[in-house]
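These are the residues of each chain, in order.
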Amino acid sequence: MEHVTLHLLYSRFWNMALFDLGLVPNEEPYKKRTAHGLILAEGGVKMSKSKGNVINPLEVADVYGADALRLYIMFMGPFDQAIAWDKNGILGTRRFLEKAIKIVSLAKAESEDDATLRLVAKVVHKVSADIEDMGFNTAIAAMMEFSNKVDAAKMTKENAKFL
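Here's what I pulled together on the structure shown here. Please read these numbers as outputs of a predicted model, since none were measured by experiment.

1. Structural notes on the overall build of the chain
Along the backbone of the chain there are seven helices and two strands. The secondary structure elements of the chain, listed N-terminal to C-terminal, are α-β-α-α-β-α-α-α-α. Looking at the chain as a whole, 26% of its 163 residues are labelled buried. Restricting to contacts in the chain with at least 6 residues of sequence separation, those with at least 24 account for 63%. In the form shown here, the chain has an accessible surface area of approximately 11,000 Å², with 60% of it arising from carbon and sulfur atoms.

2. So, the layout of surface pockets
Here the second largest pocket defines a volume of roughly 160 Å³. Taken together, Leu119, Lys122, Val123, Lys126, Ala141, Ala142, Glu145, Phe146 and Lys149 make up the lining of the second largest pocket. When residues in the lining of the second largest pocket are grouped by element, the largest group, five residues, is from helix α6 (residues 136–149). Looking at side-chain class alone, the lining of the second largest pocket contains five nonpolar, no polar and four charged residues.

3. Observations regarding the environment of Ala41
With respect to the helices, strands and loops of the structure, Ala41 is situated in the loop between β1 (39–40) and α2 (57–64). Overall, Ala41 belongs to the buried group, its relative accessible area being 2%. Considered as a pair, Ala41 and Asp86 are 45 residues apart in the sequence and their alpha carbons are 8.1 Å apart. When sequence neighbours within four positions are dropped, the list of residues in contact with Ala41 reads Met47, Asn53, Ala84 and Trp85.

4. Notes on the packing of aromatic side chains
The relative placement of two aromatic rings is captured by the distance of their centres and the angle of their planes. Under the counting rule described, the total for this entry stands at four aromatic pairs. Judged by centre distance (5.7 Å) and plane angle (75 degrees), the ring pair of Phe79 and Phe136 falls under edge-to-face. Separated by 57 residues along the polypeptide, Phe79 in the loop between α3 (66–75) and β2 (83–84) and Phe136 in helix α6 bring together distant segments of the chain. Its relative accessible area of 30% is what places Phe79 among the partly exposed residues. Ring-pair connections join several aromatic residues into one group, and the members of that group are Tyr10, Phe13 and Trp14.

5. Here's the deal with the environment of Met76
Of note, Met76 is situated in the loop between α3 and β2. Distance in space between the C-alpha atoms of Met76 and Gly89 is 7.8 Å, their sequence separation being 13 residues. If we skip the residues at most four places from it in the chain, Met76 touches Ile39, Ile83, Ala84 and Trp85.

Cut-off values and rules
Residues numbered from 1 in each chain as written. Predicted model: local features only at pLDDT ≥ 70, side-chain atom pairs only at ≥ 80, totals over all residues. Heavy atoms only, no water. Helix = DSSP H or I, 4+ residues; strand = E, 2+ residues; numbered from the N terminus. Buried < 20%, exposed > 50% of the residue type's maximum accessible area, 1.4 Å probe, protein only. Contact = heavy atoms within 4.5 Å. Areas by Shrake-Rupley, 256 points an atom, 1.4 Å probe, with all protein chains shown as cover. 1 Å grid on protein atoms, 1.4 Å probe; cavity = no way out; pocket = protein on both sides within 12 Å on 5 of 7 lines; lining within 4 Å. Points joined across faces, edges and corners; volume = space filled by probe spheres on them. Nonpolar A, V, L, I, M, F, W, Y, C, P; charged D, E, K, R; others polar. Phe/Tyr/Trp six-rings, centres within 6.5 Å; stacked < 30°, edge-to-face > 60°.

This is how it looks when you write it as C-alpha cells:
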C-alpha cells in the first residue's frame, strides 16, 4: 500500500506540473482513487521474501490456469481490504470456470423458459451494479450462485455468455 500511494503522489505531481505548463487539460489526473488491499500470506501475515511466504503467481497459474488465478484474486474479498491467501480457495474458482464452460457447451440454441430469463436478468443486474461499486467478489459470487441454479438444458447460447 505504501508503494502504491507513493506512485499515485508522484503521478499526481507530474500531472499538475504538466497542467501548469498547459500540456494536459485536467489539473487532477484521476476522477476517483480507490486503493486496493493487500494479499497477505496464509495465516494473515504480510508476504516477505525473507520469511519465504511469497506466493508466486506464475507457479499458481501453471497449476490452475491464469483465469482461475485472476478470478480467485478478485473473489478473495472486498477490493479495498487486506485478505489472506488460501491455497484451497483457488480450487473453487477453478471448478466454477469448469462448470461455466460445461454450461455454455451444453446450452441450446433456442429460447428458454421465463424463469431462466428472469434469473439471467437478475444476475446481469446484480453483477453490473457490483462491478460499478468495485464489489468484484460479490459479482463473482452472484455468477457462481447463478451457475448452481441454472439448468444447462434450459440455457440458451445467448444467455450462457453471461457466465
